[in-house]
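Inside the fold
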Amino acid sequence: MEKNLQDGVRLRPVDLARRHGLSTQAIRNYEAAGVLPDAGRTDSGYRTYTPLHVKALDAFLALVAGHGHQTATAVLRAVNRGATEDALRLIDESHAQLLDDRRTLQAVEAALRDLGPVPQERGDTFVGPLARRLGLRPATLRKWERAGVVQPRRDPQTGYRVYSAADVRDARLAHQLRRGGYLLEQIAPLIAQVRSAGGVAPLESMLQDWRARLSARSRAMLTGAAALDAYLTCRPAPRGDT
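Described below are features of the structure shown in this document. What you are looking at is a predicted structure, and each value in this text was computed from that prediction instead of being measured.

How each quantity is defined
Residue positions are counted from 1 within each chain, in the order its sequence is given. For a predicted model such as this one, the threshold for reporting local features is a pLDDT of at least 70, and the threshold for listing and counting side-chain atom pairs is 80 or more; totals across whole chains, interfaces and linings nevertheless cover every residue. Heavy atoms throughout the structure, all of them, feed into the side-chain values; hydrogens and water do not. Any carboxyl oxygen of Asp or Glu within 4 Å of a side-chain nitrogen of Lys or Arg constitutes a salt bridge here. Helix and strand labels come from DSSP, where a helix needs a run of H or I of at least four residues and a strand needs a run of E of at least two; each type is numbered from the N terminus. When accessible area is computed with a 1.4 Å probe and restricted to protein chains, residues below 20% of their type maximum are described as buried, those above 50% as exposed, and intermediate ones as partly exposed. When the centres of two rings from Phe, Tyr and Trp lie within 6.5 Å, Trp using its six-membered ring, the rings pair. Their planes under 30 degrees apart give stacked, over 60 give edge-to-face, and anything left gives tilted.

Under the definition given, this model contains 10 salt bridges. The salt bridge involving D15 is made with R12; its shortest N-O contact spans 3.0 Å. The shortest N-O distance in the salt bridge between R47 and E31 comes to 3.0 Å. Of this pair, R47 sits in strand 2 (residues 47-48) while E31 sits in helix 2 (residues 24-32), placing them 16 residues apart in sequence. A residue is classified by how much of its surface remains accessible, and R47, at 25% relative accessible area, is partly exposed. Given a relative accessible area of 12%, E31 falls into the buried group.

Structure (structure tokens):
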């Protein structure tokens, strides 16, 4: 039978803070945010914590590394109010996002493998159709143009932007990189190098970094899962259970 970690040992806020390298104010903030179960109180009104609070904070900090602060907070809040299914759903959604990010990286790599010279006289399109194809707003493509990511020419008769097949390729590549979390100021010089070099060598280091970050996040999720499971195991059973 699991020992009730709410019984016996009593910890001060400073004890919990020192154990995790935090300030006592951070401990109070986490309790106020619902990340920690409510603290007990002494007769004098001072907060007291238990080893169960240690497990909760262990789980939260581990989850932050893999899922981010917002998701980790939402997960611990759900657990602490007894909504374990909600917490598990949030974890599942975060894993699904990681899988989607991996697929985005694969799509970028596939797009780069297919990168090559394209006939300038074929594949012309305008800002509206291209925006719809990529699932973007026309204003986004115009912003990318100002950043130097795409370089459409202007129709001499109408003044409309005309995107060649090469521009479409660059826009597709930029779209994938933006989904991967890269900023326009990072993307623009890389695409410029790809244009001038006619190859993908300038992106190799970025792709390696992207893969490494996804792997680190995946490992952190495993660590977070273990810490969350330990906390769930130690929590008292809901009332009415036998």
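After that view of the structure, there is still more to cover.
Now for the packing of aromatic side chains. The relation between two aromatic rings is expressed through the spacing of the ring centres and the mutual angle of the planes. Counted by the stated rule, this structure contains three aromatic pairs. Between Y182 and W210, the ring centres sit 5.5 Å apart and the planes meet at 70°, which makes this aromatic pair edge-to-face. One end of the pair, Y182, is in the loop between helix 8 (165-179) and helix 9 (184-197); the other, W210, is in helix 10 (residues 204-234), with 28 residues separating them in the sequence.

Let's shift gears to the environment of P51. You can see P51 is positioned in helix 3 (residues 51-67). On the basis of relative accessibility, which here comes to 24%, the residue P51 falls in the partly exposed class. In this structure the C-alpha to C-alpha distance between P51 and C234, which are 183 residues apart in sequence, comes to 9.5 Å.

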